[in-house]
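Chain by chain, the residues run as shown.
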Amino acid sequence: MAEKLKKIECDPKCGFMVQSHDEKELIEIAKEHAKKFHNMTATDEQVKGMMKDA
Ligand SMILES: [Zn+2]
């Protein structure tokens with residue numbers, strides 16, 4: 001069963017964007033990005049709220 005391609009976009013000023021069919025992977029990548037680049041600890045729920053169909 002193929003999952004839909006999802007994407008997460010960061011602030012336009014940042015320009016970070018990640019796409020994946022794997023929701024868990026997306027969340028992990030986005031959380032790591034927020035931590036490394038913005039010194040922010042995002043929750044899974046916050047990240048899911050940013051998730052869109054690609
Ligand atoms: Zn960013």
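Report follows, based on the coordinates. (Residues numbered from 1 in each chain as written. Predicted model: local features only at pLDDT ≥ 70, side-chain atom pairs only at ≥ 80, totals over all residues. Heavy atoms only, no water.)

**Focus on the pairing of strand β2 (residues 17–20)**
Residues V18 and S20 point to one face of β2 and are all buried, whereas M17 and Q19, pointing to the other face, are not buried. In this structure, strand β1 (residues 6–9) lies alongside β2, joined through 4 bridges in antiparallel fashion. Bridged to K6 within β2 is S20. (Buried < 20%, exposed > 50% of the residue type's maximum accessible area, 1.4 Å probe, protein only. Helix = DSSP H or I, 4+ residues; strand = E, 2+ residues; numbered from the N terminus. Pairing = 2+ DSSP bridges.)

**Notes on the pattern of salt bridges**
Think of it this way: side chains of opposite charge can pair up when their charged atoms draw near. The final tally for this structure, using the stated rule, is 4 salt bridges. We note a salt bridge from K36 to E32, for which the minimum N-O separation is 3.6 Å. With K36 and E32 both in helix α1 (residues 23–38) and 4 residues apart, this pair spans about one turn of that helix. With relative accessibility at 48%, the residue E32 sits in the partly exposed group. (Salt bridge = Lys/Arg side-chain N within 4 Å of Asp/Glu carboxyl O.)

**What to know about the side chain of S20**
Mapping S20 onto the fold places it in strand β2. With a relative accessible area of 8%, S20 lands in the buried category. Within the structure, the side chain of S20 is placed 2.9 Å from the backbone nitrogen of D22, a separation counted as a polar contact. A distance of 2.9 Å separates the side chain of S20 from the side chain of E25, its partner in a polar contact. With residues up to four places along the chain from it excluded, the contact list for S20 reads K4, L5, K6, E25 and L26. (Polar contact = N/O pair within 3.5 Å; in protein donor to acceptor, adjacent residues only side chain to side chain. Contact = heavy atoms within 4.5 Å.)

**Some thoughts on the sheet that holds β1**
Taken together, the 3 strands give an open sheet; going across it, the order is β2-β1-β3, and neighbouring strands pair in antiparallel fashion. Looking at the sheet topology across the chains shown, the edges are occupied by β2 and β3 (51–53). Recorded for the sheet is a direction-independent mean angle of 30 degrees between the axes of neighbouring strands. Two elements, β1 and β3, share 3 bridges in a ladder whose sense is antiparallel. Paired with K6 across the strands is D53, a residue of β3. (Axes fitted to C-alpha atoms, helices over the stretch in contact; angles between N-to-C directions.)

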